[in-house]
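# What the coordinates show
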Amino acid sequence: MVSIMVNEEDHLRIQCLLPGLQLKECWDLANTVDDGLEVGLNFAFSEEKGYLTSCPTNVGTGSGLL
């Protein structure tokens, strides 16, 4: 199952849920959805800070940029 939330805590959030320990399959599915969206959308992205988000705690890639 794929869920795409728009204008929640983030501007766009893709969630993927599969039964069992299917982490790679979830990643592949979410990545495919992201690639499809990226074809028609322009994402706000900074090489320094990552993707634009409406929640400051989600800035960047989780690498401790704040």
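Residues numbered from 1 in each chain as written. Predicted model: local features only at pLDDT ≥ 70, side-chain atom pairs only at ≥ 80, totals over all residues. Heavy atoms only, no water.

What follows covers the confidence of the model for the protein. Per-residue confidence for the protein gives a mean pLDDT of 81, with 80% of residues at or over 70. Mean pLDDT in the protein bottoms out at strand E4 (residues 50-51), which sits at 74, and peaks at helix H1 (residues 23-40), which reaches 93. Counted against residues more than four places away or in other chains, residues 62-66, with its pLDDT under 50, gives six contacts. (pLDDT = per-residue confidence, 0-100. Helix = DSSP H or I, 4+ residues; strand = E, 2+ residues; numbered from the N terminus. Contact = heavy atoms within 4.5 Å.)

With respect to the secondary-structure elements, Cys-26 resides in helix H1. Given the relative accessible area of 13%, Cys-26 is considered buried. Cys-26 sits 10 residues away from Cys-16 along the chain, and the two C-alpha atoms are 5.6 Å apart. Discounting residues that sit within four places of it in the chain, Cys-26 has contacts with Cys-16, Leu-17 and Leu-18. (Buried < 20%, exposed > 50% of the residue type's maximum accessible area, 1.4 Å probe, protein only.)

Our next topic: the pattern of salt bridges. Side chains that differ in sign of charge can pair as their charged atoms come close. Taken as a whole and judged by the stated rule, the model has one salt bridge. Notably, a salt bridge pairs Asp-28 with Lys-24, separated by 2.8 Å at the nearest N-O pair. Pair noted here: Asp-28 and Lys-24 are both in helix H1, with a separation of four residues, about one helical turn. Asp-28 gets classed as partly exposed once you look at its relative accessible area, which sits at 34%. A relative accessible area of 57% places Lys-24 in the exposed class. (Salt bridge = Lys/Arg side-chain N within 4 Å of Asp/Glu carboxyl O.)

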